[in-house]
Protein chains: 2
Amino acid sequence: MSNNEMISLQRDYPWIRTPTVACAPMRLIALANLAFEVSRAGGVGFIGAGSDVSSLDSELVKVKTLINSNGGTLKQNNDVLPVGVGFLLWAGDKLLKEALPILQRHRPAAVWLFAPNNNDDLTKWTKEIRRVSAESKIWIQVGTVANAMEVTRTCKPDVLVVQGSDAGGHGLQQSSGIISLFPEVDDALNSLEQQEGLKKPKLIAAGGIVESRGAAAALSLGASGVVMGTRYLATPEAQIQAGYRNVVVETTDGGKSTARTHIYDQLRGTTDWPSGYGGRGILNQSFYDAQNGMSLNENKRQYEHALKKGDGGWGPHGRLTGYAGTAVGLVNEVKGAAAVTEEVREGAKIVLKRAAAKL
Amino acid sequence: MSNNEMISLQRDYPWIRTPTVACAPMRLIALANLAFEVSRAGGVGFIGAGSDVSSLDSELVKVKTLINSNGGTLKQNNDVLPVGVGFLLWAGDKLLKEALPILQRHRPAAVWLFAPNNNDDLTKWTKEIRRVSAESKIWIQVGTVANAMEVTRTCKPDVLVVQGSDAGGHGLQQSSGIISLFPEVDDALNSLEQQEGLKKPKLIAAGGIVESRGAAAALSLGASGVVMGTRYLATPEAQIQAGYRNVVVETTDGGKSTARTHIYDQLRGTTDWPSGYGGRGILNQSFYDAQNGMSLNENKRQYEHALKKGDGGWGPHGRLTGYAGTAVGLVNEVKGAAAVTEEVREGAKIVLKRAAAKL
């Protein structure tokens, strides 16, 4: 990250501290409490509106209430709300139409766009959001070099979130880790800037990062900051059932114990994702049964039955879905989202300085 | 990496410079010329014996000749040959029996063990090699936290190579990138050391690293060094056909253009790999046809036909196998193996120092 980039990050998000630590806009999980705590600690908290805005207005009102009652450091600047909102674009024009007045009213500092049915939807959303809330920075999540280049050309996003294969929840079924994806994207966008004069968006890394070493690695790769999802699942502020949170804390060996798959979407009925996306979750009985040839109907029947068990329905022998990334094995305790944010940001600096000092 | 670790690396491999850069023992590709050049540049060059030692003795003799004719800095120390040798353990007891006298005669500085049918084979190989060549350091490649712990307990290896999902060629079909795998392995082995008094092996990262940013990221994760395979494919010293080398240089967007699969092994008839392993290669017509339902027999027939085309048989529309990792898109030019080794080692230091200085 250049010094110019740091200055511009702090202009766009005046409350943040560098390097940027952001919370992924996890649908149904990242709501006002989590977003507020992350931003309060100098990160960028996101609310995961996903494909449905029915509770978005009330969550944003709640953020405002938290800011006002906090009486502290996190304040609105020029009436821009110091949190972001994330949308899943496959939900279509209806979602955009419903989202615009809410964005216009609350002016979130950032809007995160992901998983369009096609690139034209991304340009439409970008244009419309900038029309109603010029202060909202556009973050777009990509998973390939080709997509990073296309989106930079067509949408001129403020931030590209470069998502690697280790990410939990939804991402490209076929992809690479940030170790190789990030530098290749960085090089490609430097070329675009030099050859086509296209301003390079800020690049933030996502996928497999839950603590300071992963964050330091991302900064070494050239990132301006990091996004974490899985780490924030194990915070009291995440809107998540205890059984899910427990299995996140208990699971080890994330490469072996998670996989990117379609089975969890099929069981949950969230089958509107565009082709090419899969959801990485902790392996459980539903997954093994599907692999061993159980019919989807029977698997669904048993899934519905497990839903009634509540918190006992999760775990390697359970059937309820626990989306998580390969770094889940490094998440070993529940901790406040503000503490997580600060620890990762400050820890990354220490890790980098120590690594450099040894050479 | 601690200072003690650095001192011990330089005691075990007196010619190397830190951080360690090693060449993966790519079967049929990493032979005397490549191994010599990597070691000459202060790295650890490996000869890929694989599952067959028929040319190993002559390759090791060739290394000695290169050292003697080089008249330069790379010298044998205590009669230990300053290169390593890699074996694929699934080849069984016959390979071990044939390898031992060669190892005893040449005393390579390191022996790299990978892909056993079971853990007992690893302990047997480790014990026998230490018996005939006590100076040869044992490197074992692992892909999960559980395996890293098991191997540390049973074999007490000198080095663990922690291989992430982005690696080219063979690795675990289900795995994670080093961004999350490496720190989790590191933590697990620190616990073993504290709780069971087991000396922690040196940890080296592999998978998705082809240049200085990836290497710096690995060092941030805690690695003592890095292994590269894909980067060395595009060197004149790699024993590789021009068509293969060309496709490595030309391929971009490695997450999209490569996959870990069984189809290339099936076509090539290298089907002795234990279950759980797959080979990451550049996607080509064989892969697409297999996905679209072409029978293996027909696919093989067309593969055999393509073999006759020579260098024209590679590429996205070709049928010949080009194993490569997701970082293949960052490999854009052919360059000498010594220059690659030095550039990555020195570049990683610069990247880390710059990243630390910005914070």
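Residues numbered from 1 in each chain as written. Chains lettered and ligands numbered in written order. Predicted model: local features only at pLDDT ≥ 70, side-chain atom pairs only at ≥ 80, totals over all residues. Heavy atoms only, no water.

(A) Region of interest: the relation of the copies chain A and chain B. The transform that puts chain A on chain B rotates by 180° and translates by 0.0 Å along the axis, for an RMSD of 0.0 Å. The transformation just described matches what one would write down for a two-fold rotation axis. In terms of proximity to the rotation axis, the leading residue of chain A is Ala217 of chain A, whose C-alpha is 2.0 Å off the axis. Mapped onto chain B, 100% of the interface residues of chain A again fall at the interface, so both copies present the same surface. (Least-squares fit on C-alpha atoms with pLDDT ≥ 70 in both. Contact = heavy atoms within 4.5 Å.)

(B) Spotlight on the side chain of Thr321 of chain A. Examined against the element boundaries, Thr321 of chain A turns out to sit in the loop between helix H14 (296-307) and helix H15 (337-358). Every residue in contact with Thr321 of chain A, bar those within four places of it in the chain, is listed here: Tyr244, Tyr264, Arg268, Asn284, Tyr303 and Trp314 of chain A. (Helix = DSSP H or I, 4+ residues; strand = E, 2+ residues; numbered from the N terminus.)

(C) Summary view of the confidence of the model for chain A. Averaged over every residue, the pLDDT of chain A is 95; residues scoring 70 or more account for 95%. Listed scores for the predicted complex are pTM 0.97 and ipTM 0.96. (pLDDT = per-residue confidence, 0-100.)

(D) Highlighting the side chain of Asp265 of chain A. All names here are of chain A. For Asp265, the position within the fold is in helix H12 (residues 263-268). Salt bridges are absent for the buried Asp265, whose nearest opposite-charge side chain, Arg268, sits at 5.1 Å. Residues within four places of Asp265 in sequence aside, it is in contact with His170, Thr270, Thr271, Trp273 and Tyr323. (Buried < 20%, exposed > 50% of the residue type's maximum accessible area, 1.4 Å probe, protein only. Lys, Arg positive; Asp, Glu negative; His and termini not counted. Salt bridge = Lys/Arg side-chain N within 4 Å of Asp/Glu carboxyl O.)

(E) Highlighting the interface of chain A and chain B. Every contact between the two is made by 51 residues of chain A and, on the other side, 52 residues of chain B. At the boundary of chain A and chain B, one finds two salt bridges. Taking the shortest distance from any N to any O, the salt bridge between Arg213 of chain B and Asp187 of chain A comes out at 2.9 Å. The interface formed by chain A and chain B contains 21 residue pairs in polar contact (both at pLDDT 80 or more). If you list the elements that add at least two residues to the side of chain A that touches chain B, you get helix H6 (145-155), helix H7 (178-196), helix H8 (212-221), helix H11 (254-257), strand E10 (258-261) and H15 of chain A. When grouped by side-chain class, the residues that make up the side of chain A that touches chain B number 22 nonpolar, 18 polar and 11 charged. (Polar contact = N/O pair within 3.5 Å; in protein donor to acceptor, adjacent residues only side chain to side chain. Nonpolar A, V, L, I, M, F, W, Y, C, P; charged D, E, K, R; others polar.)

(F) Representation of the sheet that holds strand E7 (residues 169-172) of chain A in the model. Residues and elements named next belong to chain A. One open sheet holds the three strands; their spatial order is E7-E11-E10, and the pairing between them is antiparallel. A strand with exactly one partner marks an edge of an open sheet, and here the two such strands are E7 and E10. On average, each strand axis in the sheet is inclined to that of its neighbour by 30°, with strand direction left out of account. Here four bridges tie E10 to strand E11 (residues 277-282), and the two strands are oriented antiparallel to one another. Bridging from a neighbouring strand, Thr258 pairs with Ile282 of E11. (Pairing = 2+ DSSP bridges. Axes fitted to C-alpha atoms, helices over the stretch in contact; angles between N-to-C directions.)

(G) Molecular detail of the pattern of salt bridges. All names here are of chain A. For the structure on display, the rule yields 38 salt bridges over all chains. Ionic pairing is found between Lys124 and Asp121, a salt bridge with its closest N-O pair at 3.9 Å. Here Lys124 pairs with Asp121, and both are found in helix H5 (residues 119-132), just three residues apart, close to one helical turn. The partner of Arg131 in a salt bridge is Glu128, and the shortest N-O contact between them spans 2.7 Å. Here Glu128 and Arg131 lie together in helix H5, a separation of three residues that amounts to about one turn. It is possible to trace a salt-bridge network through shared partners that takes in Arg17, Arg345, Glu346 and Lys349.

(H) Region of the structure containing the packing of aromatic side chains. Tallied over the entire structure, the rule returns 26 aromatic pairs over all chains. Between Phe87 of chain B and Trp125 of chain B, the ring centres sit 5.3 Å apart and the planes meet at 50°, which makes this aromatic pair tilted. Of the two residues, Phe87 of chain B sits in strand E3 (residues 81-88) while Trp125 of chain B sits in helix H5 (residues 119-132), which places them 38 residues apart along the sequence. Ring geometry for Trp273 of chain B and Tyr277 of chain B: centres 5.7 Å apart, planes at 50°, overall tilted. With relative accessibility at 13%, the residue Trp273 of chain B sits in the buried group. These aromatic residues form a ring-pair network of at least three members: Tyr13, Trp15, Phe46, Trp112 and Trp139 of chain A. (Phe/Tyr/Trp six-rings, centres within 6.5 Å; stacked < 30°, edge-to-face > 60°.)

(I) Just the packing of helix H8 (residues 212-221) of chain B against helix H15 (residues 337-358) of chain B, in detail. All names here are of chain B. Packing of H8 against H15 brings their axes to within 8 Å, and their N-to-C directions diverge by 65°. Handedness of the crossing formed by H8 with H15: right-handed. Every residue of H15 that contacts H8 at Ser212, Arg213, Ala215, Ala216, Leu219 and Ser220 is listed here: Glu343, Val344, Gly347, Ala348, Val351 and Leu352. In the contact of H8 with H15, the residues fall into seven nonpolar, three polar and two charged. (Left-handed = near helix turned anticlockwise from the far one by under 90°.)

(J) Looking closely at the pairing of strand E4 (residues 108-114) of chain A. All names here are of chain A. Among the seven residues in E4, seven count as buried, and that is most of the element. The pairing of strand E3 (residues 81-88) with E4 spans six bridges and is parallel. Considered in E4, the bridge of Leu88 is made with Phe114. In this region the chain leaves E3, passes through helix H4 (residues 93-106) and returns to the parallel neighbour E4; the handedness of that crossover is right-handed. Summarising the sheet, E4 and strand E5 (residues 137-142) pair through four bridges and their orientation is parallel. (Right-handed = clockwise from strand over helix to strand, strands pointing away.)

(K) Seen up close, H8 of chain B. Burial within H8 of chain B is extensive, with 10 of its 10 residues counted as buried. Listed as buried for H8 of chain B are Ser212, Arg213, Gly214, Ala215, Ala216, Ala217, Ala218, Leu219, Ser220 and Leu221 of chain B.

(L) How the structure looks around the packing of helix H3 (residues 56-70) of chain A against H4 of chain A. All names here are of chain A. Two elements in contact, H3 and H4, have axes whose closest approach is 10 Å; the angle formed by their N-to-C orientations is 10°. Judged by the angle between their axes, H3 and H4 are roughly parallel. For the pair H3 and H4, contact is made by Leu56, Asp57, Leu60, Val61 and Lys64 and by Ile102, Arg105 and His106, respectively. (Parallel < 35°, antiparallel > 145°, perpendicular 65-115°, else oblique.)

(M) How the structure looks around the environment of Ala356 of chain B. Residue position: Ala356 of chain B is located in helix H15. Distance from Ala356 of chain B to Gly336 of chain B, taken between C-alpha atoms, is 30 Å for residues 20 residues apart in sequence. Excluding anything up to four places from it in sequence, Ala356 of chain B contacts Leu352, Lys353 and Ala356 of chain A.

(N) Region of the structure containing unusual backbone geometry. Omega for the bond connecting Thr18 of chain A with Pro19 of chain A falls within 30 degrees of zero, at -10°, which places this linkage in the cis form. Of note, Pro19 of chain A is situated in the loop between helix H1 (3-12) and strand E1 (20-23). Positioned with a positive phi, Lys156 of chain B is a non-glycine residue whose angle comes to about 45°. Within the secondary structure, Lys156 of chain B is located in the loop between helix H6 (145-155) and strand E6 (159-163). If you check the backbone angles, Asp253 of chain B has positive phi at about 55° while not being a glycine.

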